[in-house]
Protein chains: 2
Amino acid sequence: MTVEQPSTREQILLQASILFARQGYHATSTRQIASAVGIRQPSLFYHFPTKTDIMRALLVEAIDGPVAAVERQLAADGSPAIRLHRYIVQDLITLCESVYNLAGTTTAAVLADPEFAAAASRYRCLFAARTRLIQEGIDAGEFFPVNAEFASRAIEWAIEGLHTEIVSGSPGTLEADVNQVADFCVRALLIDGSKIDEIRAAGPAATAG
Amino acid sequence: MTVEQPSTREQILLQASILFARQGYHATSTRQIASAVGIRQPSLFYHFPTKTDIMRALLVEAIDGPVAAVERQLAADGSPAIRLHRYIVQDLITLCESVYNLAGTTTAAVLADPEFAAAASRYRCLFAARTRLIQEGIDAGEFFPVNAEFASRAIEWAIEGLHTEIVSGSPGTLEADVNQVADFCVRALLIDGSKIDEIRAAGPAATAG
DNA sequence: GTCTATACCTCGATAGAC
DNA sequence: GTCTATCGAGGTATAGAC
């Protein structure tokens, strides 16, 4: 029974993700990445043709999990509030459980760059799906009749905000904070805020059921 | 009656703020800034000793207004919900009405840099003051007994999120969106969410009264 | 698959003429 | 107060030995 050693390619992605999260993509040099991996700078280019491609690989990691999470809840049973709460929790858990530090990858300054246009497009799909989930709650009379697109943006800000904090801060508080974000966002929409406890309680078990 | 021409110094701050907002601080070169101003790159250094000092000047603009806004509401009369709502609106209006584009200036990746330590310290004061305002609402029984620091963070994410969108997007929707953010944040805390309309209505007039 | 060496570029900043 | 010219550092990426 052998333990898989992380390949150099995976090490590059890991160390690059840590540096990108801390300093930003443009402020991080390929020399820094190589140094963190323990190889020389030109050796990076055996594994990735350009620095851009390192970021592109991380963007796929950062977007695919959340997209899967929201689509799962769009297709699931239960009240919209329960499914929205569950989606927010799963989105954050997906991001935080990644082996990479994906904070800041989907920042506007990054996605605005033409060389990341493909990721930006996929990120807009995530936004649209989340908006649909919110609209279901409004149509069902469970949520205030707010602008669903606006609410979708606000939830994105909260998810990105906590994600950035968790991966760059003290560990251990993940589950508590994740639930607090989901509570905050769902309560901001709920007509009957007192139902938040049962909505949260309905979350974790429901997917398996 | 003469119309003041913007000085070169102000032009540099303006164009730098626009480029920093769009591309980030590190991705923006002094040549780009100079080109946008209409001067040559070395001429910048007659007005600012370093590129860092340009950003420092913008950070003062980005933080002082919000600090003043929250301290005004900490000292004001009225229910905590009304004052928190009013603060959020004023914070955003202050940021958006600045002649500079201040989006992204207070990003973690910027404030983490030691050369911006002074601004980071002042930013923490803003956070602490906002947390106090929220705690007043909890103590008064108007808000859910959430973690006040967590709520303060969530409100920060929403303010930064909308600020970034407004200054880099289509104009005209400012007031509507600002109220939506304040509504979203206050409703997430309010035990009785149905009161949001009267809380919002109490906002604009109260400071002058 | 990693190395040394290096090409070539752009960066922030300086010197000194005007 | 702005210019031209340029410096030295550090950026991404390539060539070719091992």
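Residues numbered from 1 in each chain as written. Chains lettered and ligands numbered in written order. Predicted model: local features only at pLDDT ≥ 70, side-chain atom pairs only at ≥ 80, totals over all residues. Heavy atoms only, no water.

Asker: Looking at this structure, I do not really get the protein's contact with DNA strand C. What am I missing?
Answerer: Contacts to DNA strand C come from 16 residues, most closely from A:R40, A:Y46, A:H47, B:T30 and B:Q41. Counting only the atoms of DNA strand C within 4 Å of the protein, the fraction contributed by sugar and phosphate is 58%. In this structure, a phosphate oxygen belonging to DNA strand C sits 2.6 Å away from a main-chain N or O atom of A:R40. Within the contact set of DNA strand C, a phosphate oxygen lies 2.6 Å away from a side-chain nitrogen or oxygen of B:T30. Secondary-structure elements contributing two or more residues to the surface near DNA strand C are α3 (44-47) of chain A together with α2 (30-37) of chain B. (Near = heavy atom within 4 Å. Polar contact = N/O pair within 3.5 Å; in protein donor to acceptor, adjacent residues only side chain to side chain. Helix = DSSP H or I, 4+ residues; strand = E, 2+ residues; numbered from the N terminus.)

Asker: Help me understand the nonpolar core in this model?
Answerer: The tendency in soluble globular proteins is for nonpolar side chains to be buried side by side. Formed by 133 residues in total, the largest nonpolar core has its most connected members in A:L84, A:I88, B:L84 and B:I88. Apart from the residues within four sequence positions on either side, A:L84 is in contact with A:L133, A:I134, A:F143, A:I155, A:V186 and A:L189. (Core = buried A, V, L, I, M, F, W, Y, C linked by side-chain atoms within 4.5 Å. Buried < 20%, exposed > 50% of the residue type's maximum accessible area, 1.4 Å probe, protein only. Contact = heavy atoms within 4.5 Å.)

Asker: Is there a simple way to think about the protein's contact with DNA strand D in this case?
Answerer: The environment of DNA strand D is formed by 16 residues, the closest being A:T30, A:R31, B:R40, B:Y46 and B:H47. When the atoms of DNA strand D within 4 Å of the protein are sorted by group, sugar and phosphate make up 55%. A:Q41 places a polar side-chain atom, nitrogen or oxygen, 2.9 Å from a base nitrogen of DNA strand D. Within the side chain of B:S43, an N or O atom sits 2.8 Å from a phosphate oxygen of DNA strand D. At the level of elements, α2 (30-37) of chain A together with α3 (44-47) of chain B are the ones that each hand at least two residues to the surface near DNA strand D. Of the residues belonging to the surface near DNA strand D, the class tally is five nonpolar, eight polar and three charged. (Nonpolar A, V, L, I, M, F, W, Y, C, P; charged D, E, K, R; others polar.)

Asker: Looking at this structure, how should I read the relation of the copies chain A and chain B?
Answerer: Copy one and copy two of the chain differ by a rotation about an axis and a translation along that axis. You can overlay chain A on chain B at an RMSD of 0.0 Å; the transform is a turn of 180 degrees with a shift of 0.0 Å along its axis. Such a combination of turn and shift is consistent with a two-fold rotation axis. Taking C-alpha positions as reference, the residue of chain A nearest the rotation axis is A:A188, located at 2.0 Å. Take the interface residues of chain A: 100% of them recur as interface residues in chain B, which is what a same-surface contact looks like. (Least-squares fit on C-alpha atoms with pLDDT ≥ 70 in both.)

Asker: Just checking my understanding: could you explain the interface of chain A and chain B for this structure?
Answerer: Think of interface size as the accessible area that goes away when the parts come together; that is how it is often given. In this complex, chain A contributes 27 residues to the contact, which on the side of chain B involves 27 residues. Summed over both sides, the interface between chain A and chain B buries roughly 2400 Å², with carbon and sulfur atoms accounting for 68% of that surface. One can count four salt bridges joining chain A with chain B. The interface formed by chain A and chain B includes four residue pairs in polar contact (both at pLDDT 80 or more). When residues of the side of chain A that touches chain B are traced back to their parent elements, those giving at least two are α1 (8-23), α8 (148-167) and α9 (174-189) of chain A. The greatest single-element share of the side of chain A that touches chain B, amounting to nine residues, is contributed by α8(A). Across the side of chain A that touches chain B, the residue classes break down as 15 nonpolar, seven polar and five charged. (Buried area = accessible area lost by both parts, 1.4 Å probe. Salt bridge = Lys/Arg side-chain N within 4 Å of Asp/Glu carboxyl O.)

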